[in-house]
Amino acid sequence: MKSSRLIITAVIVVTVAGWIGWRTWQGPEVSVAVVESEDLVQTVVATGRVIATSTAKIGAEITGIVVDRHVRDGDVVEKGDLLLTLRADDLAARVREARASLKNLRQSRRLQAESALEQAQSQLEQAEREAQRRADLLASESISREVVEKAQNAEIVAEANYRQAKLLADALAAGGPEETILMERLAAAEAALQKTEIRAQFPAVVLTREVEAGDVVQPGRTLMELARLGQTEVLVPVDERNLGILALGQPAVCIADAYAQLQFDATVDHIAPTVDPDRGTVDVRLTVTDPPEYLRHDMTVTATIVTGEQDNALVIPNDALHNANQETTVQVIELGRVAEREVTLGMRGLTHSEVVDGLSAGDVVIREPGLKVGQRVRAGNVD
């Protein structure tokens, strides 16, 4: 009985030792992946901000006091909508003065000039008749030459008065120079007064306002900032190493940080011609054709740009690659040992890359670093 137990114990010990020895001979277990054909999508991920295609800083052209602010941040305005009203009493006084001057011309000065012209014409005609009558009397020697000369001088004075009255009447006539000057003066005063009403020049959304009722404003100060309504864009700085795979028209999926569960589509519309030397990035503008309502100016957005797609590509995980930016190699298991192969890569994805040459479907690649070529290993977890 005792000998049977010893035999059983010995068999168990030998079995365990054999199993341990076999595993030791096989080498350590490593994480591997099997080369397979699948659809591969190449993307570039970058974080940027929502921008407007055009923004405008609104200011005043005159010095004045803000009487009323008609909009606030976030309001949507149409062209011509009133944004701010300023009070400028001197400008209003200039308009009243110009209107009064024009009214005085049309209702008083012009009539007076026309009346004066008629009177001067009548006096001239009377002087001409009197001069002729006395000239006739002189011919019959009924009066002296001195009386005739006085009549002639009176005629000359009357003619001068008529000419002066005629010039004044012509100047004050409808469409004349005096009326033109006063109308231009009124138009200038009214134009200046209109500057007290600051209006939107295009459909826009109010981004910021830097003024309140009662503030004194001067030319050159920014009072509001408006973003023109229309196409919305996302500006993302992309690592310059991705410049070679970026192209206009590529689709992108964007997610705003504030609404992480929602996404919206965009398209690459512009790639900056220069690279930022300090950050090593190139600015890419994405056009959002159908912006969601929750999108706000300057909102942080993460964009995933699809730079390429390949159907039925041989792919391996990126963590199996060695020297991926130089002579790329991978380690594979061949007959239970580590072997190294040089591969040619095609499209690169976030987690997997396409292998154009060097591997075949079904090859087992090692995903762990630090193994030596020829070392015995055995496949562990297959991803």
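Keep in mind the model is a prediction, meaning the values are calculated, not measured.

Colleague: I'm lost on the confidence of the model for the protein in this one. Help?
Modeller: Any residue range with low pLDDT should be treated as having predicted coordinates unsuitable for detailed reading. On average, residues of the protein score 82 in pLDDT, and 91% of them reach the 70 mark or higher. Within the model, the stretch residues 16-25 combines pLDDT values under 50 with 2 contacts to residues more than four positions away or in other chains.

Colleague: How do you make sense of the side chain of Thr307 when you look at a structure like this?
Modeller: Relative to the assigned elements, Thr307 resides in strand β15 (residues 300-317). Apart from the residues lying within four places of it in its own chain, the contact partners of Thr307 are Gln42, Thr43, Val44, Ile245, Leu246 and Gln250.

Colleague: How should the packing of aromatic side chains be read in this particular structure?
Modeller: The description of an aromatic ring pair uses the distance of the two centres, along with the angle that the planes make with each other. The final tally for this structure, using the stated rule, is 1 aromatic pair. Their ring planes at 35° and their centres at 4.3 Å tell us that Tyr259 and Tyr294 sit as a pair that is tilted. Of the two residues, Tyr259 sits in the loop between β12 (251-256) and β13 (264-271) while Tyr294 sits in the loop between β14 (281-288) and β15, which places them 35 residues apart along the sequence. The exposure class of Tyr259 is partly exposed, given its relative accessible area of 35%. Its relative accessible area of 13% is what places Tyr294 among the buried residues.

Colleague: How should I be thinking about the pattern of salt bridges in this particular structure?
Modeller: Where charged atoms of side chains with opposite charge meet at close range, the side chains can pair. Within the structure shown, the criterion is met by 20 salt bridges. Arg106 is the salt-bridge partner of Glu179, the closest N and O atoms lying 2.9 Å from each other. Here Glu179 is found in helix α4 (residues 177-194), whereas its partner Arg106 is found in helix α2 (residues 89-139), with 73 residues between them in sequence. Via salt bridges that share partners, Arg69, Asp73, Arg209 and Glu212 belong to a single interconnected network.

Colleague: Can you help me understand the side chain of Glu354 in this one?
Modeller: Tracing the chain through its elements places Glu354 in strand β19 (residues 352-357). Glu354 has contacts with Leu40, Gln310, Ala313, Leu314, Val315, Thr344, Leu345, Gly346 and Met347, leaving out every residue within four places of it along the chain.

Colleague: Help me out: how do you make sense of the sheet that holds strand β10 (residues 222-228) in this one?
Modeller: In a beta sheet, neighbouring strands are held together by backbone hydrogen bonds and run either parallel or antiparallel to one another. Pairing is antiparallel in the open sheet, where 4 strands are placed in the order β3-β10-β8-β5. Looking at strand neighbours, the two that pair on one side only are β3 (55-59) and β5 (76-77), the edges of this open sheet.

Colleague: Just to check I follow, could you spell out α2 for this structure?
Modeller: What sets the pattern is the α-helix's 3.6 residues per turn: residues three or four places apart point alike. An ideal rise of 1.5 Å per residue puts 75 Å on 51 residues; α2 measures up with 72 Å between its terminal C-alpha atoms. Turning to α2, its buried residues are Leu91, Val95, Ala98, Leu102, Leu105, Arg110, Ala113, Leu117, Ala120, Leu124, Ala127 and Ala131. Among the structural elements, α3 (145-172) and α4 are those in contact with the buried residues of α2.

Colleague: Help me out: how do you make sense of the layout of surface pockets in this one?
Modeller: Take a probe with the size of a water molecule and roll it over the atoms, and the empty space left behind shows itself. Estimates place the volume of the largest pocket at around 480 Å³. Taken together, 20 residues line the largest pocket, and the ones lying closest to its centre are Val205, Thr232, Leu295, Arg296 and His297. Only β2 (36-52), β8 (204-209) and β10 provide two or more residues apiece to the lining of the largest pocket. Broken down by class, the residue content of the lining of the largest pocket amounts to 11 nonpolar, 6 polar and 3 charged.

Colleague: Explain the pairing of β8 to me, please; I cannot follow it from the model alone.
Modeller: The side chains of a regular strand alternate between both faces of the sheet. In terms of strand pairing, β5 meets β8 through 2 bridges, oriented antiparallel. Across the sheet, Val76 pairs through a bridge with Val205, a residue of β8. Pairing of β8 with β10, which is carried by 5 bridges, proceeds in the antiparallel orientation. Residue Thr208 lies in a different strand from β10, and its bridge partner there is Glu225.

Calculation notes
- Residues numbered from 1 in each chain as written.
- Predicted model: local features only at pLDDT ≥ 70, side-chain atom pairs only at ≥ 80, totals over all residues.
- Heavy atoms only, no water.
- pLDDT = per-residue confidence, 0-100.
- Contact = heavy atoms within 4.5 Å.
- Helix = DSSP H or I, 4+ residues; strand = E, 2+ residues; numbered from the N terminus.
- Phe/Tyr/Trp six-rings, centres within 6.5 Å; stacked < 30°, edge-to-face > 60°.
- Buried < 20%, exposed > 50% of the residue type's maximum accessible area, 1.4 Å probe, protein only.
- Salt bridge = Lys/Arg side-chain N within 4 Å of Asp/Glu carboxyl O.
- Pairing = 2+ DSSP bridges.
- Expected span 1.5 Å × (residues − 1).
- 1 Å grid on protein atoms, 1.4 Å probe; cavity = no way out; pocket = protein on both sides within 12 Å on 5 of 7 lines; lining within 4 Å.
- Points joined across faces, edges and corners; volume = space filled by probe spheres on them.
- Nonpolar A, V, L, I, M, F, W, Y, C, P; charged D, E, K, R; others polar.

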